[in-house]
Amino acid sequence: MRVLVTGGAGYIGSHTVLSLVEAGHDPVVVDSFVNAKPTVVPRLAELAGREIPAHRVDLTDAAATAELFAAERFDAVIHFAALKAVGESVARPLEYYRNNLDATFSLLAAMAEHDVRRFVFSSSATVYGEKAPVPYQEDYEPLVSASPYGQTKVMIERVLADVAAAHPGWKVALLRYFNPVGAHPSGRIGEDPQGIPNNLMPFLAQVAVGRRERLTIFGGDYPTADGTCERDYIHVVDLAAGHVAALDHLDAMATDVRAYNLGTGSGTSVLELLHAFERAVGRELPYEIGPRRAGDLPAFWADPTRARAELGWEATRTIDDMCADTWRWQSANPQGFPDA
Ligand code: NAD
Ligand code: WQD
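Everything quoted here is computed from the prediction, not taken from an experiment. (Residues numbered from 1 in each chain as written. Chains lettered and ligands numbered in written order. Predicted model: local features only at pLDDT ≥ 70, side-chain atom pairs only at ≥ 80, totals over all residues. Heavy atoms only, no water.)

**Focus on the overall build of the chain**
Condition: Going along the chain from the N terminus, every DSSP run of H or I of four or more residues is numbered as a helix, and every run of E of two or more is numbered as a strand. Restricting the calculation to C-alpha atoms gives the radius of gyration, and the globule rule supplies 2.2 Å times the number of residues raised to the power 0.38. Burial classification: accessible surface area is computed with a 1.4 Å probe over protein chains only, and a residue below 20% of its type maximum counts as buried, one above 50% as exposed, and the rest as partly exposed. The contact rule is simple, with two residues in contact once any of their heavy atoms fall within 4.5 Å. Here the Shrake-Rupley method, with its probe set to 1.4 Å, supplies the accessible areas, and only the displayed protein chains count as covering residues. Here the positive residues are Lys and Arg and the negative ones are Asp and Glu; neither His nor the chain ends is included. By convention, the charge on Lys lies at NZ, on Arg at CZ, on Asp at CG and on Glu at CD.
When its secondary structure is counted, the chain shows 11 helices and 13 strands. Taken over the C-alpha trace, the chain has a radius of gyration of 19 Å; the compact-globule value for 340 residues is 20 Å, and the two agree within 12%. Its C-alpha atoms give the chain principal-axis dimensions of about 55 × 45 × 40 Å. Classification of the 340 residues of the chain by burial places 54% in the buried group. The contacts of the chain with a sequence gap of at least 6 include a subset with a gap of at least 24, amounting to 80%. Looking at the chain as shown, the accessible area adds up to about 14300 Å², and 51% of this sits on carbon and sulfur atoms. Charge centroids of the chain, computed over 30 positive and 44 negative side chains, lie 2 Å from each other.

**Examining the pattern of salt bridges**
So the rule is basically this: In what follows, salt bridge is the name for a side-chain nitrogen of Lys or Arg lying within 4 Å of a carboxyl oxygen of Asp or Glu.
Evaluated as defined, the whole model comprises 24 salt bridges. Between E88 and R92 there is a salt bridge, with the nearest N and O atoms lying 3.1 Å from each other. Taking the shortest distance from any N to any O, the salt bridge between E213 and R214 comes out at 3.2 Å.

**Quick look at the site of ligand 1**
Counted only if it meets this: Consider each residue's heavy atoms; a residue with any of them within 4 Å of a molecule or strand counts as near. Between N or O atoms, a polar contact is any pair within 3.5 Å; within protein, one atom must be a potential hydrogen donor and the other a potential acceptor, and residues adjacent in sequence are included only when both atoms are from side chains. Residues are grouped as follows: Ala, Val, Leu, Ile, Met, Phe, Trp, Tyr, Cys and Pro are nonpolar; Asp, Glu, Lys and Arg are charged; every other residue, Gly included, is polar.
Taken together, 27 residues are adjacent to ligand 1, and I12, D31, N35, F80 and Y149 come closest. The contact in question runs from an oxygen atom of ligand 1 to an N or O atom on the backbone of V34, over 3.1 Å. Y149 is positioned such that a nitrogen or oxygen atom in its side chain is 2.6 Å from an oxygen atom of ligand 1. Put simply, the parts of the chain that give the shell around ligand 1 at least two residues each are α1 (11-22), β5 (118-124) and α6 (148-166). Counting residues per element, the shell around ligand 1 draws most heavily on β5, which supplies three residues. Tallied by class, residues from the shell around ligand 1 come to 14 nonpolar, nine polar and four charged.

**A short note on the site of ligand 2**
For ligand 2, the set of nearby residues contains 18 residues, the closest of which are S124, Y149, L200, R231 and D296. Between ligand 2 and the protein, one listed contact pairs an oxygen atom with a side-chain N or O atom of S124 at 2.7 Å. One nitrogen or oxygen atom from the main chain of N198 is found 3.5 Å from an oxygen atom belonging to ligand 2. Out of a free accessible area of 690 Å², ligand 2 has 87% covered by protein chains. The element best represented in the shell around ligand 2 is strand β8 (residues 215-218), accounting for four residues. Its residues assigned to classes, the shell around ligand 2 comprises nine nonpolar, six polar and three charged.

**Brief notes about the state of the cysteines**
The cut-off we apply is this: Pairs of cysteine sulfur atoms within 2.5 Å are identified as disulfides in what follows.
Counted according to the given criterion, the structure contains zero disulfides. C229 forms no disulfide, and the closest cysteine sulfur to it belongs to C323, at a distance of 17 Å. Residue C229 is classed as buried on the basis of its relative accessible area, which comes to 6%.

**What to know about the nonpolar core**
It is characteristic of soluble globular proteins that their nonpolar side chains tend to be buried jointly. Selection rule: Side-chain atoms within 4.5 Å link the members of a nonpolar core, which is a set of buried Ala, Val, Leu, Ile, Met, Phe, Trp, Tyr and Cys residues.
Among the nonpolar cores identified, the biggest contains 42 residues, and L175 and L262 are the most heavily contacted of them. Those elements giving two or more residues to this core turn out to be β1 (2-6), α1, α2 (40-48), β4 (76-79), β6 (171-177), α8 (236-249), β11 (257-262) and α10 (305-311). Counting residues per element, this core draws most heavily on α8, which supplies seven residues. Here L175 is in contact with V120, F121, S122, S123, S124, G242, H243, A246, Y260 and L262, once residues within four sequence places are set aside. In terms of nonpolar packing, the next biggest core, distinct from the first, is built from 27 residues, V28, V77, A164 and W170 among them.

**What about the environment of A208?**
Mapped onto the elements, A208 comes out in helix α7 (residues 200-208). Take A208: its relative accessible area is 5%, and that puts it in the buried class. Separated by 44 residues in the primary sequence, A208 and A164 have C-alpha atoms spaced 46 Å apart. Here A208 is in contact with F277, V281, R283, L285 and W327, once residues within four sequence places are set aside.

Spatial relationships are all this shows, so hold off on functional conclusions.
Okay, here's the thing in structure tokens:
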């Protein structure tokens, strides 16, 4: 299939582009490069062994999005493009609602106009809110998120259900990711946050490479085995494979809209991840225990049963794989992707 990958220059999108090529699909990237460097595109070509078409379009620009669909034919869309920093979304909610919702509206309108009916959406475990029982299961209601960022995911899931109901023949997979980490085993692409990383793994990687002095662990007094929070970390290459599995399953999906958890089904604490990363690097890393971060939940992970049963997909890579691949990427590219 010829697949439009929105946000395809970003962290998860870029890895998914490669998985699509490996599976025999034909990806086309669209990205505004608001949170990605254009130099990722030639690296994708290098790894894929062929050119990857890429368009610079801000999807909130409905006219530019319509032009793209008028110029090219797509069989499916995988929609990664979004702003994703939770804390920033609390400080700048309008920017987040506008970017994430408007980009989706432009895309859905262009799809309806050109009769493109297959849609895979980047949702998040954040939609389960603070009250869902662990492990999280897809049918849990009500979906609600504590941050404006997370609310954009809840809202878009709802919009997609309404659009699919109104347009017979649409098939929509809502992929709820847990904590994506790791990098392509080549070490040529990986996560490249701008500024100070908000997330644990890229922060650890920058400590290891000498860009940050030490890790501050946000809270050591949680009701968990070692007092630090537990999360379901999933290797980005497994996650990318989950997108291909979802795409290939869309036409056979029993319902027009279906949510799938993409996680491993088990939790790892901050201290456990730190120690795994130390094994990958081969030395101890400096850290301190600091205060809790507002909004963090003590522990959650996925029930991945549905994805295994219906998509035939499951995560296979271990925490040690995630750390080794992150370290290969970060040590070979200490400053991330080059500017030009
Ligand atoms: P990322 O920032 O690396 O990738 C997103 C890409 O979208 C970037 O390249 C950015 O430039 C682009 N983009 C943003 N707004 C755009 C717009 N208006 N028009 C065109 N392009 C635009 O983030 P990621 O980690 O790869 O996340 C991809 C998707 O997965 C996002 O929707 C994110 O919310 C979701 N997600 C991420 C995580 C995570 O922890 N990384 C977890 C759950 C869900
Ligand atoms: C993991 C653990 C922190 C940094 C976020 C979003 C979520 C989803 C995935 C998009 C927590 C601790 C972190 C640090 C630390 N994204 N930590 N020191 O918060 O589980 O999920 O990314 O949908 O919506 O909220 O991931 O990597 O930020 O934190 O101790 O410097 O690491 O407290 O326990 P989180 P994270």
